[in-house]
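# Fold and geometry: a report
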Amino acid sequence: MKQLDDWIKLLTEVIATATSRLPEDVTAAIRAGRANETEGSLAAMALDAVLKNADLACSDRAPMCQDTGVPIFWIHHPVSVSTGVMVRACKEAVRRATAQNLLRENAVDTFSGRNTGTGQAPSIPSVHCEEWDRPEVKIELLLKGGGCENVSAQYALPDGRLGADRDLEGARRVVLDAVHQAQGKGCGPGILGVCLGGDRGSGYHEAKYQLMRRLDDHNPIPELDALERRLLDESNQLGIGPMGFGGKTTVLGVKIGTLGRVPASYFVSIAYLCWAARRATAIVNANGDVTWPS
Ligand code: SF4
């Protein structure tokens, strides 16, 4: 198995991939949205600019946005791989990627207001390790931008203002409200990661993990699959459009997961992701060979 420096090099490569290469399913969804917009409209121009930006970032191996976000790692590993080593490797990879301008100096000490200059601060990067029974290591990374994080939202159901009860219809109402509230902010078209249940912390965490799913996958729970499709359609009928300029392409995908809850609470957490959906996955098998599922 790999040593600390091998992991740092691989994780730096995962960061370089995420920051510079828009996943092909996201590119395809933006192109489909562009084809659907009226020629010469602001929406069409915005999506053309987004696609050009993504192309340039990929060919120059440069960040596709100046806000390179909070790096969030999810690492699944067998018992033979140390959690401590993986956490250290993630932090050092972020420091190196920042020094190489793959990431902006993007971490601020909240008390002093000073930029740490290393891309590192308490909880930045955010690293979540979990041991599993499989022999391979799975590394997943999401670079979560601040502008879209600002318009993420969490609702405690029931919500009398929206007439939202503790059921899927209530969830549908609050998700549409979140899309409405986010209009013109968060660099749309957006992608919605949603969690039903959990507490305030775990709900947002699961909502963000949903953003690692491909846009063209299917939810294994039929009722949630249907809700994802309905919310995608209904969001795109709101007329908000890319960057809030008006148009048909408001949301590129909706991904919904669930967690348990206590009887007293029913949270719906909505993690809003901008068009710059910077996610990357690498799988390292027991021989050390690396594959890159999209
Ligand atoms: S919301 Fe996304 S695209 Fe907009 S500035 Fe932030 S990271 Fe960049």
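The rules behind each value
Residues numbered from 1 in each chain as written. Predicted model: local features only at pLDDT ≥ 70, side-chain atom pairs only at ≥ 80, totals over all residues. Heavy atoms only, no water. Helix = DSSP H or I, 4+ residues; strand = E, 2+ residues; numbered from the N terminus. Rg over C-alpha atoms; globule rule 2.2 N^0.38 Å. Buried < 20%, exposed > 50% of the residue type's maximum accessible area, 1.4 Å probe, protein only. Contact = heavy atoms within 4.5 Å. Areas by Shrake-Rupley, 256 points an atom, 1.4 Å probe, with all protein chains shown as cover. Lys, Arg positive; Asp, Glu negative; His and termini not counted. Charge placed at Lys NZ, Arg CZ, Asp CG, Glu CD. Pairing = 2+ DSSP bridges. Axes fitted to C-alpha atoms, helices over the stretch in contact; angles between N-to-C directions. Near = heavy atom within 4 Å. Nonpolar A, V, L, I, M, F, W, Y, C, P; charged D, E, K, R; others polar. Expected span 1.5 Å × (residues − 1). Polar contact = N/O pair within 3.5 Å; in protein donor to acceptor, adjacent residues only side chain to side chain.

## Topic: the overall build of the chain
- Broken down by element type, the chain carries 8 helices and 9 strands.
- Against the 2.2 N^0.38 benchmark of 19 Å for 294 residues, the chain shows a C-alpha radius of gyration of 19 Å, consistent with a compact globule.
- Seen through its C-alpha atoms, the chain measures out along the principal axes to roughly 55 × 50 × 45 Å.
- Of all 294 residues assigned to the chain, the portion counted as buried reaches 51%.
- In the chain, the share of contacts with a sequence separation of at least 24, taken over all contacts with a separation of at least 6, comes to 77%.
- Accessible surface, the chain as shown: approximately 13300 Å² in total, 52% of it carbon and sulfur.
- For the chain, the distance from the average site of its 32 positive side-chain charges to the average site of its 35 negative ones is 3 Å.

## Considering the sheet that holds strand β4 (residues 153-156)
- As summarised here, the arrangement of the 4 strands in space is β4-β7-β5-β6, forming an open sheet in which the pairing is mixed. In this open sheet, the two edge strands, each paired with only one partner strand, are β4 and β6 (251-258). With direction set aside, neighbouring strand axes in the sheet form an average angle of 15°.
- Where β4 and strand β7 (residues 267-273) come together, 4 bridges link them in antiparallel fashion. Bridge pairing in β7 places Ala 153 opposite Ile 270.
- Sitting on the sheet, helix α8 (residues 222-236) is in contact with β5 (190-196) and β6, with an inclination near 150° to β6.

## Looking at the site of the ligand
- Neighbouring the ligand are the residues Cys 65, Gln 66, Asp 67, Gly 145, Gly 147, Cys 148, Gly 186, Cys 187, Cys 274, Trp 275 and Arg 278.
- For the shell around the ligand, a count of residues per class yields 5 nonpolar, 4 polar and 2 charged.

## As for the sheet that holds strand β8 (residues 278-284)
- Here we have 5 strands laid out as an open sheet, ordered β2-β1-β3-β8-β9, and mixed in their pairing. Of all the strands in the sheet, the pair left with one neighbour each is β2 (126-131) and β9 (290-291).
- Examined bridge by bridge, strand β3 (residues 137-144) and β8 share 7 bridges and lie antiparallel to one another. Bridge pairing links Leu 143 to Arg 278 in β8.
- The strands that helix α1 (residues 4-20) touches are β1 (70-77), β3, β8 and β9; relative to β3, the one it contacts most, it runs at about 45°.
- Across the sheet, helix α7 (residues 200-210) touches β1, β2 and β3, and the angle it forms with β1 is around 85°.

## Concerning helix α4 (residues 83-99)
- For α4, with 17 residues, the first-to-last C-alpha span of 25 Å sits near the 24 Å given by 1.5 Å per residue.
- Where α4 begins, the capping side chain belongs to Ser 82, and its oxygen is found 3.1 Å from the backbone nitrogen of Gly 84.
- Looking one or two places after α4, you find Asn 101, whose phi comes out positive at around 65°.

## Looking at the pairing of β2
- Judged from the 6 bridges that link them, β1 and β2 form a sheet pairing that is parallel. The residue bridging Trp 74 from the neighbouring strand is His 128, located in β2.

Everything listed is a geometric property; what it means functionally is a separate question.
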